[in-house]
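Structural description and commentary
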Amino acid sequence: AWLPLVLACVALLVREARAVSAVRAVAAAAAGMLLLDAVAVIASQFFAATPAIVDDGGAPVPGSIAVLEQVELNGSTQWITIRGRDRARPILLHLGMGGPGGGGFATRSLFEPLEKDFVVVSWDEPGTGKSYGAAPISELTPERFVDDGVALTRYLCDRFDRERIYVYGVSWTSILGVWLVQRHPELYYAYIGNGQMVNTTENDVLGYELALEHAMERGDAATAEALRRNGPPPYAGDGMLGKYVAYMDVLNEIMGSMRYGVVVPILPFVAPEYGYVDKVNHTRGLVESFAAVYPQLTDLDFERQATRLEVPVYLFAGRDDVNAMSSLVAEWYDQLQAPHKQLIWLEGGHGLGPDNRDQFVDAMINAVLPETYPGP
């Protein structure tokens, strides 16, 4: 598809160079380029797909599944990927990268090492990425995400003839994951949390104070003054996102991570499931969904609201994570009651990355599965 577009661009340039009238040539070239841009955008949407699961010779693995598809959840059209080398393996639902509004496709590739042992389902939640138009941003509520998450779980159980599945959440979706297993424990083998959020307001105040202290210690008066002007969270209303990003970027610096203004626009471009429109909608969705949903989480406190879960719980915590404060995770873990629970410390900061993915995969295959999956 791209080769004809490239050839058409070359032809336009040649036509412009040979034209007698420079004005007409430039106008024709501009019109042609605009048309080609439109075709490229449409083609990118049409040809977006999740890669096949192949053997060493490049042939699709027999019995594997690798699909990008639409599903109807509570009356709205949303998107998922389903990937696994063996359809008979247990299902792992990846709720998304966080946010609210991060979706699941931008970080879907991090779970590829698990596709041998699980059928991994990644979900672009309403309001982001390919599911950007699933619901108006103004109608997004925590209850809406829970209802859609339950509907997706039941869809997967019905489609693959399973009684239960595994569910994984990180950062914002770690909140959603706890809510799912809390309300419907009969649908899940276990809850797997990473970058676990426990108390959003207390977590954010601690992060703000750490960022302000760090800025002052390094002599960054401008950043320290900006943080003081913003004051401590929680924030709401106009400009709230910028206030959160101001101190969270400092926390990313402490963890050795990229600033959000850099990483957020880049992430969707590594997802082959996204066309150009989807890539833009991922960034739009993250910005808009965060502003709409995050202020609805100010009263969250799992130390009061989730003291017992009726499924096994595996919490992964980065040793250097100052986005989801590890101290709060440890406090909640100590008081949490569950049929089985385990706190697993990972190298690095917030969520999964190259420095801790192997640890995560090893624990999932050698701890979570043997301890919780009853087998075929």
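Residues numbered from 1 in each chain as written. Predicted model: local features only at pLDDT ≥ 70, side-chain atom pairs only at ≥ 80, totals over all residues. Heavy atoms only, no water.

1. A closer look at the environment of Asp56
Our working definition: The helix count covers DSSP runs of H or I at least four residues long, the strand count covers runs of E at least two residues long, and both are numbered beginning at the N terminus. The buried label goes to any residue with under 20% of its type's maximum accessible area, the exposed label to any with over 50%, and the partly exposed label to all in between, with areas taken from a 1.4 Å probe on protein chains only.
Assignment of secondary structure puts Asp56 in the loop between helix H2 (22-47) and strand E1 (65-73). Under the relative-accessibility criterion, Asp56 is labelled exposed at 87%. For the pair Asp56 and Glu112, spaced 56 residues apart in sequence, the C-alpha to C-alpha distance is 15 Å.

2. Quick word on the packing of aromatic side chains
Worth spelling out the cut-off: Two aromatic rings from Phe, Tyr or Trp, using only the six-membered ring of Trp, form a pair when their centres are within 6.5 Å; if the ring planes differ by under 30 degrees the pair is stacked, by over 60 it is edge-to-face, and anything between is tilted.
One pass over the full model with this rule turns up 18 aromatic pairs. Aromatic pair Phe105 and Tyr274: ring centres 5.8 Å apart, planes at 40 degrees, arrangement tilted. Remark: Tyr274 occurs in the loop between helix H8 (260-266) and helix H9 (276-293) and Phe105 occurs in the loop between strand E3 (91-94) and strand E4 (119-124); sequence separation between them is 169 residues. Neither residue differs from the other here; Phe105 and Tyr274 are each classed as buried.

3. Describing the packing of helix H5 (residues 200-217) against helix H7 (residues 240-255)
As a reminder, the rule being used: Between N-to-C directions, angles cover 0 to 180 degrees, with each direction set by a line fitted to C-alpha atoms, over the stretch in contact for helices. For classification purposes, an angle smaller than 35 degrees is called roughly parallel, one larger than 145 roughly antiparallel, one from 65 to 115 roughly perpendicular, and anything else oblique. For a crossing to be left-handed, the near helix must be turned anticlockwise from the far one by less than a right angle; the clockwise case is right-handed. Contacts are assigned to residue pairs that have any heavy atoms within 4.5 Å of one another. Basically, the charged four are Asp, Glu, Lys and Arg, the nonpolar ten are Ala, Val, Leu, Ile, Met, Phe, Trp, Tyr, Cys and Pro, and anything else, Gly included, counts as polar.
Packing of H5 against H7 brings their axes to within 9 Å, and their N-to-C directions diverge by 70 degrees. Taken together, the axes of H5 and H7 are roughly perpendicular relative to one another. The crossing of H5 and H7 is left-handed. Contact residues: Asp204, Gly207, Tyr208, Leu210, Ala211 and His214 in H5; Tyr244, Tyr247, Val250, Leu251, Glu253 and Ile254 in H7. Split into classes, the residues belonging to the contact of H5 with H7 amount to 8 nonpolar, 2 polar and 2 charged.

4. What to know about the packing of H7 against H9
Their axes nearest at 9 Å, the elements H7 and H9 cross at an angle of 100 degrees. The angle between the axes of H7 and H9 places the two elements in the roughly perpendicular class. On the side of H7, the interface is formed by Met240, Leu241 and Tyr244, while H9 contributes Val287, Phe290 and Ala291. For the contact of H7 with H9, the per-class residue count stands at 6 nonpolar, no polar and no charged.

5. Let's talk about the side chain of Arg108
Stated precisely, the cut-off is as follows: For the purposes of these results, a polar contact is taken to be a pair of N or O atoms within 3.5 Å, where, inside protein, one atom must be able to donate a hydrogen and its partner to accept one; residues adjacent in sequence count only when each atom of the pair is a side-chain atom.
Locating Arg108 in the fold gives a position in the loop between E3 and E4. A polar side-chain atom of Arg108 sits 2.6 Å from a polar atom in the side chain of Glu112.

6. Examining the nonpolar core
Going by this rule: Here, nonpolar core means buried Ala, Val, Leu, Ile, Met, Phe, Trp, Tyr and Cys residues that are tied together by side-chain atoms lying within 4.5 Å of each other.
Ranked by internal contacts, the top residues of the largest apolar core, which has 73 residues, are Leu93, Leu156, Trp179, Tyr247, Phe302 and Trp332. Among the elements that make up this core, the one with the highest residue count is helix H3 (residues 142-160) (8 residues). In terms of nonpolar packing, the next biggest core, distinct from the first, is built from 23 residues, Phe111, Val361, Met364 and Val368 among them.

7. Overview of the pairing of strand E8 (residues 341-346)
Definition in use: When DSSP finds two or more bridges between two strands, those strands count as paired. Every crossover in which the path from the first strand over the helix to the second runs clockwise, viewed with the strands pointing away from the viewer, is termed right-handed.
When strand E7 (residues 313-318) meets E8, the two strands line up parallel, connected through 6 bridges. The residue bridging Ala317 from the neighbouring strand is Trp345, located in E8. Taken together, E7, helix H11 (residues 326-335) and E8 constitute a β-α-β crossover, and its handedness is right-handed.

8. Some details on helix H4 (residues 172-183)
Helical geometry: 3.6 residues make up each α-helical turn, so side chains three or four residues apart lie on a common side. This is how it is decided: The span one expects for a helix is its residue count, reduced by one, times 1.5 Å.
End to end, H4 covers 17 Å across 12 residues, agreeing with the expected 16 Å (1.5 Å per residue, within 8%). Within H4, the full set of buried residues consists of Trp172, Thr173, Ser174, Ile175, Leu176, Gly177, Val178, Trp179, Leu180 and Val181.

9. Considering the sheet that holds E7
Sheet architecture is open: 8 strands sit in the order E1-E2-E4-E3-E5-E6-E7-E8, paired in mixed fashion. Only two strands of the sheet have a single partner each, and these edge strands are E1 and E8. Within the sheet, the average angular offset between the axes of one strand and its neighbour, ignoring direction, is 20 degrees. Packed onto the sheet, H11 meets E7 and E8 and runs at close to 160 degrees relative to E8.

10. Some remarks on a nonpolar patch on the surface
Filter applied, for reference: Two joining distances apply to patches: 9 Å for like charges and 5 Å for nonpolar side chains (Val, Leu, Ile, Met, Phe, Trp, Tyr), and every residue must have over 30% relative accessible area and no salt bridge. Accessible areas in this description were obtained via Shrake-Rupley with a 1.4 Å probe; residue shielding takes into account the shown protein chains only. Salt bridges are counted wherever a side-chain nitrogen of Lys or Arg sits within 4 Å of a carboxyl oxygen of Asp or Glu.
Nonpolar side chains collect at one region of the surface, where Met258, Val262, Ile266 and Val270 lie side by side and expose about 350 Å² of accessible area between them. On the secondary structure map, Val270 appears in the loop between H8 and H9.

11. Comments concerning helix H12 (residues 357-372)
Filter applied, for reference: Here the bend at a residue means the angle between the axes of two seven-residue stretches, the one that ends at it and the one that starts at it.
With 16 residues, H12 ought to run about 22 Å at 1.5 Å a step, and its terminal C-alpha atoms sit 21 Å apart, in line with that. At Met364, H12 shows its maximal bend, which comes to roughly 35 degrees. Residues of H12 that are buried: Phe360, Val361, Ala363, Met364, Ala367, Val368, Leu369 and Thr372. Considering only its buried residues, H12 is in contact with E3, strand E5 (165-170), strand E6 (188-194), E7 and E8.

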